[in-house]
Every structure is written in C-alpha cells, then in structure tokens.
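A closer look at the structure
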Amino acid sequence: MRSTRSFNLLISIALRQTAFGTAQRLFNAMRVDDVPASMETWKLTVRWLVRTGRWDEAWRRVLSITEGKDLKSASVITPTKPIPLPLWLELFGSQKRGALRRQSTGSASGNSRVSPSRLVPCPSRVSSAVEQSRYRALMQVIPPLTSLNSTHILPRTIHVIARTMVHIGRRDLALSTTLSYLESLPSRIRRCDRRAILDLLHLHMFLGTRSGKPGLKRHFAQRRTMFKLLNARQDLTPSPMTLFLLLGSLRASRRCGTMAMQCLRLFQKRWGPSVQSSLVRRRITSLALKEGRLDIAEANLRAEKVARRTKVGWRLQREVLGGRLPRAFSKLMRSSWRKSFSGRGAENRRWHLLEKKLERTKHKRRSKLP
C-alpha cells in the first residue's frame, strides 16, 4: 500500500539505520506518486535535513511550511505564525556522527602516483558559537509547549531542550529546568510518560556528569544527580538502565567489580529485584573481570543462564497453554521501536565474548599454579 502512513514508516526506519539515500528516494517516490504529506512526513523531512548536516535548509523548510510559502532567505526572517512543536523539536537535532562520508584522494607514500579515492567521515561537530546561535534562534520562536490533549509539557520536549543546554555548556541550567519540570508534574503520572521521564534522568547521568577525571569522583557525582532527580518524584523508581549507566562510571576505579556488586545490592535493597537485568549482569561481569574477581563474574554468568532458561520456559508454556489475546485495536498500532529493534543479537554476542574472556582468564590462572 503506497499510503502516507506506509511511506512514513519506511522513511523513519531508513533514518534510524542512517540510510539517508534510501530516505531521499522515498521522499522522491512520494512526490512522484502524489502521496499527500502529513505532519509526520514534514517532521521526518526536517530530521533528514538536520542529520545530513543541512540545518539552515531545514530551518528554511520549517518556515516555509509554517508560512505556507517558499522562503529563499529564511535565516533572517522571523515567522509570523507559531512553529508546530514537532518541527521545532526536530531542529534541536544534530548531524549524525560518522554517517556522512566524502571522497578523499592522496598521494601514496614514497610514490608520485595518486592513490585511489577512499571514503572518509565528514566532520560532524559544529562550533560552540554556532550551537549557541541556533539555540537562541529557536528559543526566540518557541511554540506552545503543551500538547493538544494534555495540560502539561511533554517529557520529550524537556528532554530535547535539556540535551541542548548540556551541549552548549549549561549543565546547571539543564538540571534546574528538569527539577522544576518534575516538581510541576501532576500527582499521578501516566504509564506511557514514566519511561520518558526516566529518560530525562538518564540524560543527566550520561551527559551531565561527563566533565572531570573519570573514576570514583564521577561515579559519586552521577549518584548525587540520580538521587536529586529521584527525590523530586517520590513515585519515580529507577530502571535497570539507570543502574547500567551508574555502573559505567566505575570502569576507571581499581575495585570496580566489588563496588558494582555493592551498588547492585543497594539498589535491590531499596527498589527490589526489578532493577536487575541482562544489561546489568553483563556490566558487572565485565567490571569483575577487569578487577580480577572471577567469583563475581561466574556468579553473574550463572544468574544470566538461569534467567535465560526461565524465559525460554515461560515462552514455551505460553505457546502451549496460550496467553492473553491482544486487544482488537492494538493489531492496527505499530509496535514500539524498543520491541522491533531490541538488540538481542548484539547482547548475545557481547555475552559470548565475555564467556570466552572468562575462560581465558581462568586458563591463565591455572597455568601459573605449580
């Protein structure tokens, strides 16, 4: 079916996989077949232009869509109508690092012949002055931040703004903005918003505390930021990704494996066993191997194998006995990207490499024994 919805789905997948040429061909096919564009199509167009390093063209395209006419020199024009919120948020994006390549030729060493052309990555980092000028231009045309069916600001809006603040060096302002947003939320949060709010927490843990020398100082800075944001909402509980990001700051410490197990026990004591997952076990195993704690590594490897066998047993039981049938309207809805692209194959490969590393370490220890 060559409909707007099907084209939008294919274009979003192409952009997710950095297949920018495929996305351009899909846009051209929509134009040739006279398929009407929707707000999702315009949003994907702006995303494609921004990720391919054409921010100025994306800005002109947004203003053309808003004003309903073609604007050639839109960089100096202030829109008279409010920019739609989805398009405004896409303008906070940046060029995809390493996705664009250009032909490069050079002379071979010791030879006057010219070597064949090769593809080298295009520079994707813009200067801080350019980032700040874009941020100021976007904040001057800020649209209404609330959605049509909601009385509060969407979490993704704060996520995009806070990420840009961190990139331009305003970490304190980003943290205070996030704290004010969490405190202004209603007493009951929708389930669909909880994951997005946790993504805000993960943003500050991953980007907001990357300055300074890695080690225990960065780890405890991440922990203070995490507890500060969690205390702003008493009903907010961390996820396994929260613990996964927190354990990443222990890699530069000497007793990284031991401290990782202490963090896991602390999280389990306060929030229960739901904070543990395959990601957390793999990171603890990796840190334990780095420290040389083979007992911790083997314990987590056994726990991972037990969890996989349990999951296979539950899946087989559901196939035999049958499970809850999906709702009728849910069959028409597209599943989330987290389910479609779970990354299970990459996770299995990382576990396989860890198992081989554990076996090599055990073999070296046995060979050193008299």
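Anything mentioned here points back to the structure above.
Residues numbered from 1 in each chain as written. Predicted model: local features only at pLDDT ≥ 70, side-chain atom pairs only at ≥ 80, totals over all residues. Heavy atoms only, no water.

1. Focus: the packing of aromatic side chains
Each aromatic ring pair is described using two quantities: the centre-to-centre distance and the angle formed by the ring planes. This is how the line gets drawn: Between 30 and 60 degrees the pair is tilted, below 30 it is stacked and above 60 it is edge-to-face, where a pair is any two Phe, Tyr or Trp rings, Trp via its six-membered ring, whose centres lie within 6.5 Å. A run of H or I in DSSP becomes a helix once it reaches four residues, and a run of E becomes a strand once it reaches two; helices and strands are each numbered from the N terminus. Think of it in three bands: residues with accessible area under 20% of the maximum for their type are buried, residues over 50% are exposed, and the middle band is partly exposed, with areas taken using a 1.4 Å probe on protein chains only.
Applying the stated criterion across every chain, the model contains 5 aromatic pairs. The interplanar angle of 45° and the centroid separation of 5.4 Å between the aromatic rings of Phe27 and Trp48 together place this pair among those described as tilted. Here Phe27, found in helix 2 (residues 20-32), pairs with Trp48, found in helix 3 (residues 39-51); they are 21 residues apart in sequence, far enough to count as distant. Among the residues examined, Phe27 registers a relative accessible area of 9% and is labelled buried.

2. Topic: the packing of helix 11 (residues 240-248) against helix 13 (residues 278-291)
Packed helices, taken two at a time, are described by their axes: the angle between them and the distance between them. The criterion, for reference: As a rule, the C-alpha atoms of each element are fitted with a line to give its axis, helices using only the stretch in contact, and angles between N-to-C directions run from 0 to 180 degrees. Note on terminology: angles under 35 degrees are roughly parallel, angles over 145 are roughly antiparallel, angles of 65 to 115 are roughly perpendicular, and the others are oblique. Crossing handedness is defined as follows: a turn of the near helix away from the far one that is anticlockwise and smaller than a right angle gives a left-handed crossing, while the clockwise case is right-handed. In this description, contact between two residues means that some pair of their heavy atoms is separated by no more than 4.5 Å. Note that Gly is not counted as nonpolar here; it falls among the polar residues with everything else outside the nonpolar set of Ala, Val, Leu, Ile, Met, Phe, Trp, Tyr, Cys and Pro and the charged set of Asp, Glu, Lys and Arg.
In contact at an axis separation of 9 Å, helix 11 and helix 13 are set at 15° when each is read in the N-to-C sense. Judged on the interaxial angle alone, helix 13 and helix 11 are roughly parallel. Of the two possible hands of crossing, helix 11 and helix 13 adopt the one that is left-handed. Counted together, Pro240, Met241, Leu243, Phe244, Leu245, Leu247 and Gly248 of helix 11 and Leu279, Val280, Arg282, Arg283, Ile284 and Leu287 of helix 13 form the full contact between these two elements. For the contact of helix 11 with helix 13, the class distribution of residues is 10 nonpolar, 1 polar and 2 charged.

3. What about helix 9 (residues 191-206)?
Short version of the rule: Given a helix with a known number of residues, its expected span is that number minus one, times 1.5 Å.
The end-to-end C-alpha separation of helix 9 is 23 Å, in line with the 22 Å expected for 16 residues at 1.5 Å each. Turning to helix 9, the residues buried within the fold contact helix 7 (155-167), helix 8 (171-184), helix 10 (216-231) and helix 11.

4. Some words on the pattern of salt bridges
Selection rule: For this document, the term salt bridge refers to a Lys or Arg side-chain nitrogen within 4 Å of an Asp or Glu carboxyl oxygen.
In the structure shown here, the tally under the stated rule is 14 salt bridges. Taking the shortest distance from any N to any O, the salt bridge between Lys43 and Glu40 comes out at 3.2 Å. With Lys43 and Glu40 both in helix 3, this residue pair falls 3 residues apart, about one helical turn. By relative accessible area, Lys43 is classed as buried at 18%. Asp235 is the salt-bridge partner of Arg233, the closest N and O atoms lying 3.1 Å from each other. Taking the relative accessible area as the measure of exposure, Arg233 reaches 7% and is therefore buried. Taking relative accessible area as the criterion, Asp235 reaches 29% and is therefore assigned partly exposed. Each member of the salt-bridge network shares a partner with another, and the members are Arg47, Glu90 and Arg156.

5. Observations concerning the packing of helix 1 (residues 4-16) against helix 2
With their axes 8 Å apart at the nearest point, helix 1 and helix 2 run at an angle of 160° to one another. When the interaxial angle is binned, helix 1 and helix 2 end up roughly antiparallel. As helix 1 runs across helix 2, the sense of the crossing is left-handed. Residues Phe7, Leu10, Ile11, Ala14 and Leu15 of helix 1 pack against Phe20, Thr22, Ala23, Leu26, Phe27, Ala29 and Met30 of helix 2. Considered class by class, the residues forming the contact of helix 1 with helix 2 number 11 nonpolar, 1 polar and no charged.

6. Some remarks on the side chain of Glu304
What counts here: Two N or O atoms form a polar contact when they lie within 3.5 Å of each other; inside protein one atom must be a possible hydrogen donor and the other a possible acceptor, and for residues adjacent in sequence the pair counts only when both atoms belong to side chains.
For Glu304, the position within the fold is in helix 14 (residues 294-321). A relative accessible area of 4% means that Glu304 is categorised as buried. One polar contact links Glu304 to Ser278, side chain to side chain, over a distance of 3.1 Å. The residues contacting Glu304, other than those within four sequence positions of it, are Ser278, Arg281, Arg344 and Trp351.

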